[in-house]
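Residue-level structural notes
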Amino acid sequence: MIAAVVVDIEGTTSPTSSVREDLYGYTRARLPEWLAENRTGAAASIITATQELAERPDADTDEVAAILRDWLGSDVKAEPLKAAQGIICAEGFRNGALHGEFFPDVAPALAAWHAAGLALYVYSSGSVRNQQDWFTFARGGELASLISGYFDLSSAGPKREAASYAKIAGAIGISVDRILFLSDHPDELDAAVAASWSATGVHRPGEPNPARPPHHWIASFAELTLP
């Protein structure tokens, strides 16, 4: 029997376009100004981490902004970028510029699973802060009250490595054979299965990642029957 469902966000609960155009676009626009305003405060550690990761120890604030924006455009899963994005987008969620966007089948499914006693978790490459805001400020009503916990690259590790899924299982205290992972990315499904999780692919019309064997694929959470 499945006791916990772990969901990805981009392409799984939410349109890829909403994440990349809204969150990425807002971050891209605000990055240079935010770094300049906070270079001795909240942005200090992000600037240092970016300089180290890019091997540019002498990069000034403008150059760090350019590096981060380049990583954003290339969808590089770099921790300093995710940290900056989490802080910057938190402003946008709270001033009404941003909202969590979800496929129409997601909210009813999450509510039904929660009501049935399943524990629900999120595992995404976006920062935990962004994930929490995405569900809290969901368009049409908050969904965060349904979620028991959030995991990102910092707290769990890379999404294509089995060790990350083992770490999550240990953190939530549920046996690996009772956890189901839902994602649109076949490599992530491979990693979850390698950690002895159950996994189902979510392939929605218009989303970029291909469905491939050996995984079972659905086009909507409404199609999922939980054992």
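Residues numbered from 1 in each chain as written. Predicted model: local features only at pLDDT ≥ 70, side-chain atom pairs only at ≥ 80, totals over all residues. Heavy atoms only, no water.

Let's talk about the overall build of the protein
Along its length, the protein carries eight helices and six strands. Relative to the globule expectation of 17 Å for 227 residues, the C-alpha radius of gyration of the protein, 18 Å, shows essentially globular dimensions. Seen through its C-alpha atoms, the protein measures out along the principal axes to roughly 55 × 35 × 30 Å. Split into buried and exposed, the 227 residues of the protein put 53% on the buried side. When contacts within the protein are restricted to residue pairs at least 6 apart in sequence, long-range pairs at least 24 apart make up 67% of them. In the form shown here, the protein has an accessible surface area of approximately 9,900 Å², with 52% of it arising from carbon and sulfur atoms. Charge centroids of the protein, computed over 17 positive and 29 negative side chains, lie 2 Å from each other. (Helix = DSSP H or I, 4+ residues; strand = E, 2+ residues; numbered from the N terminus. Rg over C-alpha atoms; globule rule 2.2 N^0.38 Å. Buried < 20%, exposed > 50% of the residue type's maximum accessible area, 1.4 Å probe, protein only. Contact = heavy atoms within 4.5 Å. Areas by Shrake-Rupley, 256 points an atom, 1.4 Å probe, with all protein chains shown as cover. Lys, Arg positive; Asp, Glu negative; His and termini not counted. Charge placed at Lys NZ, Arg CZ, Asp CG, Glu CD.)

Regarding unusual backbone geometry
Of the consecutive residues Pro213 and Pro214, the connecting peptide bond is found in the cis state with omega at 5°. Structurally, Pro214 can be placed in the loop between β5 (198–202) and β6 (217–218). Positive phi, normally seen in glycine, also occurs at Glu55, with a value near 55°. Mapped onto the elements, Glu55 comes out in the loop between α2 (44–53) and α3 (61–73). Residue class for Glu55 comes out exposed when judged on its relative accessible area of 69%. The backbone of Ser196 sits at a positive phi, close to 75°, despite the residue not being glycine. Take Ser196: it is sitting in the loop between α8 (186–194) and β5. Residue Ser196 is classed as partly exposed on the basis of its relative accessible area of 45%.

Some details on the packing of α2 against helix α4 (residues 79–94)
Close contact between α2 and α4 brings their axes to 9 Å; oriented N to C, the two are set at 155°. Here α4 runs roughly antiparallel to α2, going by the angle between their axes. Judged by the sense of rotation from one axis to the other, the crossing of α2 with α4 is left-handed. Packed against α2, whose contacting residues are Ile46, Ala49, Thr50 and Leu53, the element α4 presents Pro80, Ala83, Ala84 and Ile87 at the interface. Residues that form the contact of α2 with α4 fall into these classes: seven nonpolar, one polar and no charged. (Axes fitted to C-alpha atoms, helices over the stretch in contact; angles between N-to-C directions. Parallel < 35°, antiparallel > 145°, perpendicular 65-115°, else oblique. Left-handed = near helix turned anticlockwise from the far one by under 90°. Nonpolar A, V, L, I, M, F, W, Y, C, P; charged D, E, K, R; others polar.)

Description of the nonpolar core
If you look at the biggest cluster of nonpolar residues, it comprises 51 residues, and the most contacted ones within it are Leu35, Trp113, Phe135 and Leu182. Looking at which element gives the most residues to this core, the answer is helix α1 (residues 16–37), with seven residues. Apart from residues lying up to four places away in sequence, Leu35 is in contact with Ala43, Ile47, Thr61, Val64, Ala65 and Leu68. By size, the runner-up hydrophobic cluster in this structure holds 22 residues, among which are Ala4, Phe151, Ile168 and Ala195. (Core = buried A, V, L, I, M, F, W, Y, C linked by side-chain atoms within 4.5 Å.)

Looking at the pairing of β5
Sheet faces and side chains relate simply in a regular strand, where the side chains alternate between the two faces. Among the five residues that make up β5, four are buried, leaving the element largely enclosed by the rest of the structure. As paired elements, strand β4 (residues 179–183) and β5 share four bridges and run parallel to each other. Across the sheet, residue Ser183 finds its bridge partner in β5, namely Gly201. Running through α8, the crossover from β4 to the neighbouring parallel element β5 is right-handed. Pairing between β5 and β6: two bridges, direction parallel. Bridging from a neighbouring strand, Val202 pairs with Ile218 of β6. (Pairing = 2+ DSSP bridges. Right-handed = clockwise from strand over helix to strand, strands pointing away.)

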